Amino acid sequence: MATKLNTKYLDRFISDYEYESISPFVRTAHDLLHSKTGLGNEFTGWVELPTEYDKDEFDRIKTVAKKIQDDTDIFIVIGIGGSYLGARAVIEFLKSQHYNALYKTTPDIYFAGNNICPENLNKLIKICAGRNVSINMISKSGATTEPAIAFRVFKKLLEDKYGKEEAKKRIYCTTDAEHGNLKNLADKEGYETFVIPNDVGGRYSVLTAVGLLPIAVAGIDIDNFMLGAKHAQDELLDPELNNNDCYKYAAIRNILYKKGKEIEILESYDPNFSMMSEWFKQLFGESEGKDGKGLFPASMIFSTDLHSMGQLIQDGRRNIFETVLLIDEPHCDFVIDTEPGDLDGLNFLSGKTISYVCKKAAIGTILAHTEGNVPNIIFNIPKVCEFELGYLIYFLQKACAISGYLLGVNPFNQPGVEKYKKNMFELLGKS
């Protein structure tokens, strides 16, 4: 079993001839990606990653994760963008948004260095007081402002608490294999290091040590996680549109974009998917938003956001489409009891599960929005587990690459990101 694309609600929006028309371009995009001759080909190492990863490092990740579980109460993951989003998304979706409150056999995990907020930093330092702390600094260069500031703070915290020799046993760096400020510092101080491959960009890096070490520390089975990604790698090789759900999703996005549907809203009915949505937004936003082009990736959690944004989706501008993730088998369930007197009028639901109610709400919403002229793409995920999430992550990464090539942009660079940094450094007086 694996994620499946359901296009039954798109018939009124996309005709067969439109799929036929875009098919040759999809095959070209496939060839560009797999022959590594397309734009940004130097950052396509993620394509073979589920089979070509460093097995020795993978084993070392599991060993270090076990050590951290044994000697650490709080694990601080320092990074920004792709250096933290993937790990946090996986942990919260597979475990819970309330992971730190619920899972007491593994360390609490907090994420730092993804903003410039002194209040957040100070409160996190307070949380660490009197507890054993380890940190994972994740940065290709070590010079990115937000995580570099946080690393300075937490490195000092550990050295003050444990002394320099003991502190270095609690500092783990995920960085470039050979170069950069962080690599040089790690070598000088003797920190254990893990590698960010040169041919894998940040937003495609969750299947590397960038994501795998924090995920393993949370007690998640990274073997099955990678196995799911490998299944996607093997299954999503057919260049023919009708035989490849991943490529069909990429094609649908581009067809709808050309029809004026400029905003894609990713939706889930599971609040634990919230950070996966944030990872999705970086993946597609940073990959496609360039050269004056690009779908705007948004996200909502239903049914919560139906009570705030449902009106706009139903009756607002018709420049949006929805991609809805439906989970066939929930983590757990709850049966609704009978209430004496039926004062709340809900006894018609007695004996039904909350997941059953949720599924009916989802179908009702899809039907309403489709009738309101909003295209709906459906992903059916069999269940929430490591294998299925590994599959979904690889699926979305590949769909993003193909979609970027169909759009005519380089899906692997981010030239616009550097502009705000340049202005910030000038204002701060960096020479």
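Residues numbered from 1 in each chain as written. Predicted model: local features only at pLDDT ≥ 70, side-chain atom pairs only at ≥ 80, totals over all residues. Heavy atoms only, no water.

Student: Tell me what's going on with the pattern of salt bridges, and back it up with residues and numbers.
Tutor: If you walk through the whole model with that rule in mind, you get 26 salt bridges. Here Asp223 and Lys62 are joined by a salt bridge, their closest N and O atoms 3.0 Å apart. Remark: Lys62 occurs in helix α3 (residues 55-71) and Asp223 occurs in helix α11 (residues 222-235); sequence separation between them is 161 residues. With a shortest N-O distance of 2.9 Å, Glu278 and Lys281 are connected by a salt bridge. Here Lys281 and Glu278 lie together in helix α13 (residues 274-288), a separation of 3 residues that amounts to about one turn. Accessibility expressed as a relative area gives 31% for Glu278, which makes it partly exposed. Since its relative accessible area comes to 24%, Lys281 is described here as partly exposed. (Salt bridge = Lys/Arg side-chain N within 4 Å of Asp/Glu carboxyl O. Helix = DSSP H or I, 4+ residues; strand = E, 2+ residues; numbered from the N terminus. Buried < 20%, exposed > 50% of the residue type's maximum accessible area, 1.4 Å probe, protein only.)

Student: So what about the side chain of Lys261? Which residues, and what values?
Tutor: Within the secondary structure, Lys261 sits in the loop between α12 (245-258) and β7 (263-268). Reaching out from Lys261, the side chain makes a polar contact with the backbone oxygen of Arg318 at a distance of 2.9 Å. A polar contact of 3.4 Å, which involves the side chain of Lys261, links it to the backbone oxygen of Asn373. Ignoring any residue separated from it by four or fewer positions in sequence, one finds Lys261 in contact with Leu256, Leu295, Arg318, Asn319, Ile320, Phe321, Asn373 and Pro375. (Polar contact = N/O pair within 3.5 Å; in protein donor to acceptor, adjacent residues only side chain to side chain. Contact = heavy atoms within 4.5 Å.)

Student: Could you give an account of the nonpolar core, with specific residues and numbers?
Tutor: Ranked by internal contacts, the top residues of the largest apolar core, which has 94 residues, are Leu213 and Tyr249. Of all the elements, helix α16 (residues 386-407) adds the most residues to this core, at 13 residues. Among all residues touching Tyr249, those that are not within four sequence positions of it are Leu5, Glu264, Phe280, Phe284, Thr323, Ile377, Phe379, Phe395, Leu396 and Ala399. In this structure, Ala112, Met137, Ala150 and Tyr191 belong to the second largest nonpolar core, which totals 20 residues. (Core = buried A, V, L, I, M, F, W, Y, C linked by side-chain atoms within 4.5 Å.)

Student: Outline empty space enclosed by the protein, supporting the account with residue identities and numerical values.
Tutor: One pass over the full model with this rule turns up 1 cavity of 30 Å³ or more. Estimated volume of the largest cavity: approximately 30 Å³. Together, Arg253, Asn254, Tyr257, Glu288, Gly294, Leu295, Ser403 and Leu407 line the largest cavity. When contributions to the lining of the largest cavity are tallied by element, the ones reaching two or more residues are α12 and α16. Per-element tally for the lining of the largest cavity: the top contributor is α12, with 3 residues. Class assignment of the residues belonging to the lining of the largest cavity gives a composition of 3 nonpolar, 3 polar and 2 charged. (1 Å grid on protein atoms, 1.4 Å probe; cavity = no way out; pocket = protein on both sides within 12 Å on 5 of 7 lines; lining within 4 Å. Points joined across faces, edges and corners; volume = space filled by probe spheres on them. Nonpolar A, V, L, I, M, F, W, Y, C, P; charged D, E, K, R; others polar.)

Student: How would you sum up the packing of aromatic side chains? Please name residues and give values.
Tutor: As enumerated under the stated definition, the model contains 15 aromatic pairs in all. With a centroid separation of 6.2 Å and an interplanar angle of 50°, the aromatic rings of Trp46 and Phe412 are classed as tilted. Taken together, the residues Trp46 in the loop between α1 (16-34) and α2 (49-52) and Phe412 in the loop between α16 and α17 (417-428) connect sequence positions 366 residues apart. Assigned by exposure class, Trp46 and Phe412 land together as buried. Between Tyr204 and Phe412 the ring centres are 5.3 Å apart and the planes differ by 55°, which places this aromatic pair in the tilted class. (Phe/Tyr/Trp six-rings, centres within 6.5 Å; stacked < 30°, edge-to-face > 60°.)

Student: Go over the sheet that holds strand β6 (residues 192-195), please, and point to the residues and values.
Tutor: Strand pairing in a sheet takes place through backbone hydrogen bonds and is either antiparallel or parallel in direction. Reading across the sheet, the 5 strands line up as β3-β2-β4-β5-β6 and stay open at both edges, with parallel pairing between neighbours. The sheet is open, and its two borders are formed by β3 (108-112) and β6, each paired with just one other strand. Across the sheet, the mean angle from the axis of one strand to that of its neighbour is 20°, orientation sign disregarded. Pairing analysis gives 4 bridges linking strand β4 (residues 133-138) to strand β5 (residues 171-175), with the strands arranged parallel. Looking across to β5, one finds that Ile135 is bridged to Ile171. Along the sheet face, helix α6 (residues 118-128) touches β2 (74-78), β3 and β4 and points at about 155° away from the line of β2. Against the sheet, helix α9 (residues 181-189) makes contact with β4, β5 and β6, and its axis sits at roughly 145° relative to β5, the strand it touches most. (Pairing = 2+ DSSP bridges. Axes fitted to C-alpha atoms, helices over the stretch in contact; angles between N-to-C directions.)

Student: Please give an account of the environment of Gly219 that cites residues and values.
Tutor: Tracing the sequence through the fold places Gly219 in the loop between α10 (209-217) and α11. For Gly219, a relative accessible area of 38% gives the class partly exposed. Sequence separation of Gly219 and Lys66 is 153 residues, and the distance between their C-alpha atoms is 8.8 Å.

Student: Any details on the sheet that holds strand β9 (residues 320-329)? Residues and values, ideally.
Tutor: Here 5 strands make up an open sheet; going across it, the order is β1-β10-β9-β7-β8 and the pairing mixed. The two strands at the open ends of the sheet, each matched to only one other strand, are β1 (4-6) and β8 (296-301). Mean inter-strand twist for the sheet, computed between neighbouring axes without regard to direction, equals 25°. Along the sheet, α13 makes contact with β7 and β8, crossing β8 at roughly 175°.

Student: Tell me about the state of the cysteines, and please be specific about residues and values.
Tutor: Tallied over the full model, the rule gives 0 disulfides. Unpaired in this structure, Cys358 has its nearest cysteine sulfur neighbour in Cys332, at a distance of 12 Å. For Cys400, which is in no disulfide, the shortest distance to another cysteine sulfur is to Cys246 and amounts to 9.9 Å. (Disulfide = S-S within 2.5 Å.)

Honestly, it's all geometry; don't read function into it.
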